[in-house]
Amino acid sequence: MNCTPGAGWVSIKGEPINLSNGQDFVHSIDLAAGFPNFPAGSTSWITIDDMAGQWDGVLGLDGRSFDWREEQTETTSVLVKNRATYRIWLKMPNVDTGTDDDYLWYIGQVRRTD
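Residues numbered from 1 in each chain as written. Predicted model: local features only at pLDDT ≥ 70, side-chain atom pairs only at ≥ 80, totals over all residues. Heavy atoms only, no water.

1. What to know about the nonpolar core
So, step 1. Within the largest apolar cluster, 21 residues are counted, with the highest numbers of intra-cluster contacts made by Ile46, Ile48, Trp55, Trp68, Ile88 and Trp105.
So, step 2. When residues of this core are assigned to their parent elements, the largest contribution, four residues, is made by strand β8 (residues 85-94).
So, step 3. Apart from the residues within four sequence positions on either side, Trp105 is in contact with Trp9, Ser11, Ile12, Ile29, Phe38, Ser44, Phe66, Ile88, Trp89 and Leu90. (Core = buried A, V, L, I, M, F, W, Y, C linked by side-chain atoms within 4.5 Å. Buried < 20%, exposed > 50% of the residue type's maximum accessible area, 1.4 Å probe, protein only. Helix = DSSP H or I, 4+ residues; strand = E, 2+ residues; numbered from the N terminus. Contact = heavy atoms within 4.5 Å.)

2. Examining unusual backbone geometry
So, step 1. Even without a glycine there, the phi angle at Asp50 is positive, about 65°.
So, step 2. Mapped onto the fold, Asp50 is located in the loop between β4 (43-48) and β5 (55-56).
So, step 3. Residue classification places Asp50 among the exposed positions, given a relative accessible area of 79%.
So, step 4. Phi is positive for Arg83, which is not a glycine, with a value near 70°.

3. A word on the environment of Ala84
So, step 1. Position of Ala84 among the secondary structure elements: in the loop between β7 (65-70) and β8.
So, step 2. Looking at Ala84, the relative accessible area reads 10%, which means it is buried.
So, step 3. Beyond its immediate stretch of four places on either side in the chain, Ala84 contacts Ile48, Asp49, Gly108, Gln109 and Val110.

Dropping the structure here:
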């Protein structure tokens, strides 16, 4: 996780998401060594400005990664614009409070390569 002095959570500035017409979007985010596994029930998803809906991640069987696979029909230049802002969200159950903690995990821009 990203720890910065001050109050509140600071998102990680992500690398661009590279998209091209005719190409599926396939991506994984793995936890670095030393971090505990994601708790059971954790979810993650990607939103992109001006795009309807979201891309849901799948928690890896080992509890250490989130994986995405979006078909090319969902990544076209008509649906996802160049330089649009993307956000990767993370929701984890909080066993102490019985609620979910929501984090803006990554933020960055889409880069069209077509």
